[in-house]
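Here's the letter readout for the chains.
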Amino acid sequence: MMGLPSMLLMATISGTAATAGLTVFSFATVLCFYRLILGPTLPDRVVALELIANLLTASLMLHGIAGPAPNSIRVALVLALVNFVGTIGFSVYVKRKGVREGGISTDD
Amino acid sequence: MTDGTWLDWIVAAMIFAGAAFSVLAAIGVMRMPDFYMRLQATTKAATLGVACVAIAAALAFDDPSITTKSILVVAFLFLTAPVSAHALGIAAYVAKIPLWEGTLIDEMGADLRAAEAASVADAARESSSDEG
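Bear in mind the structure is a predicted one, so any value in this text is a computation, not a measurement.

> Could you give an account of the overall build of chain A, with specific residues and numbers?
When helices and strands are counted, chain A shows 4 helices and 0 strands. In chain A, the succession of α and β elements from N to C terminus is α-α-α-α. In chain A, which comprises 108 residues, the proportion classed as buried is 44%. Summarising the internal contacts of chain A: among those between residues at least 6 apart in sequence, 47% fall at separations of at least 24.

> Summarise the confidence of the model for chain A; cite the residues concerned and give the values.
Per-residue confidence for chain A gives a mean pLDDT of 85, with 86% of residues at or over 70. Within chain A, helix H1 (residues 6–9) of chain A has the poorest average pLDDT of any element, 47, and helix H3 (residues 42–66) of chain A the best, 93.

> If you had to explain helix H2 (residues 13–38) of chain A to someone new, which residues and values would you point to?
The terminal C-alpha atoms of H2(A) lie 39 Å apart, and with 26 residues this matches the ideal 38 Å at 1.5 Å per residue to within 8%. Listed as buried for H2(A) are A:Ser14, A:Gly15, A:Ala17, A:Ala18, A:Gly21, A:Phe25, A:Ala28, A:Thr29, A:Leu31, A:Cys32, A:Arg35 and A:Leu36. Along its buried surface, H2(A) packs onto H3 of chain A together with helix H1 (6–31) and helix H2 (35–60) of chain B.

> Which residues make up helix H3 (residues 64–94) of chain B, and what values go with them?
Taking 1.5 Å per residue as the helical rise, H3(B) with its 31 residues ought to reach 45 Å, and the 45 Å between its terminal C-alpha atoms agrees with that figure. Directly beyond the C-terminal end of H3(B), a positive phi value near 60° is found at B:Lys96.

> Quick one: what's the story with the interface of chain B and chain A, residue by residue and with numbers?
Facing 52 residues of chain B, the contacting portion of chain A comprises 47 residues. Buried surface at the junction of chain B and chain A, summed over both partners, amounts to about 4,300 Å²; 82% is from carbon and sulfur atoms. When residues of chain B are sorted by the area they lose upon contact with chain A, B:Met30, B:Phe76 and B:Leu88 head the list and together hold 13% of the total. Across the chain B-chain A interface, the total number found is 1 salt bridge. For B:Arg38, the salt bridge goes to A:Asp44, with nearest N and O atoms at 2.4 Å. Elements with a minimum of two residues in the side of chain B that touches chain A: H1, H2 and H3 of chain B. For the side of chain B that touches chain A, the class distribution of residues is 38 nonpolar, 8 polar and 6 charged.

> Mind laying out the side chain of B:Ser84, listing which residues take part and the relevant values?
By secondary structure assignment, the location of B:Ser84 is in helix H3. Residue B:Ser84 is classed as buried on the basis of its relative accessible area of 2%. Here B:Ser84 is in contact with A:Glu50, A:Phe84, A:Thr87 and A:Ile88, once residues within four sequence places are set aside.

> Mind laying out the packing of aromatic side chains, listing which residues take part and the relevant values?
For the structure shown, the criterion picks out 3 aromatic pairs over all chains. Ring centres 6.2 Å apart and planes at 90° place the aromatic pair A:Phe84 and B:Phe76 in the edge-to-face group. Here the residue A:Phe84 occupies a position in helix H4 (residues 72–101), and B:Phe76 occupies one in helix H3, the pair thus bridging two chains. Since its relative accessible area comes to 22%, A:Phe84 is described here as partly exposed. An angle of 75° between the planes, with centres 5.1 Å apart, marks the rings of B:Phe35 and B:Tyr36 as edge-to-face.

How each quantity is defined
- Residues numbered from 1 in each chain as written.
- Chains lettered and ligands numbered in written order.
- Predicted model: local features only at pLDDT ≥ 70, side-chain atom pairs only at ≥ 80, totals over all residues.
- Heavy atoms only, no water.
- Helix = DSSP H or I, 4+ residues; strand = E, 2+ residues; numbered from the N terminus.
- Buried < 20%, exposed > 50% of the residue type's maximum accessible area, 1.4 Å probe, protein only.
- Contact = heavy atoms within 4.5 Å.
- pLDDT = per-residue confidence, 0-100.
- Expected span 1.5 Å × (residues − 1).
- Buried area = accessible area lost by both parts, 1.4 Å probe.
- Salt bridge = Lys/Arg side-chain N within 4 Å of Asp/Glu carboxyl O.
- Nonpolar A, V, L, I, M, F, W, Y, C, P; charged D, E, K, R; others polar.
- Phe/Tyr/Trp six-rings, centres within 6.5 Å; stacked < 30°, edge-to-face > 60°.

Okay, structure coming up:
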């Protein structure tokens, strides 16, 4: 650790890796927002939202590893639960709307 | 926290593996040509990525309660990801979300069309027997 910059002197190896991982997860979230905004149909946007919530779960865990906030692991657990319920609700909605209207247009 | 031990390096390796899988999932969701391909990209690669990060969190903390919660996240994710992907995929198929033009095999479409034709034939037979 002697040759490293002073910013990293106090950091552990796993903490530094978690901070770097947070950067990568932010980049992945930006890529998902592309699909969330431009996705031609409603299920595309649901998939993008599900992936964003998954990435947020992982980011919360990395935040717990990187800093002195282990409580964010509990937030990640709750977010994983809510993500599942939300996706199931959206799929029921998509199915009902598709049966009622004979298909979902790309304008949705 | 573990510091400077071999466990620290394992935690860092798991974090980088999870980040790599998650970025692959995000690129798949952005670039794949079809809703169903995007669905499989997010449901497999992203689940594996988040599971890698959760295992890293389980290894990084000495507190058994946090380790238990992290392992619970992994178990819950592996249980719910196939269920939600299946529900969303079948809902999108019923809602007639189009497949990619290059799709070669559509077994469910063939089954659905066969079932539809059979029900139409049954209805025709019943109406003709009512008349006769």
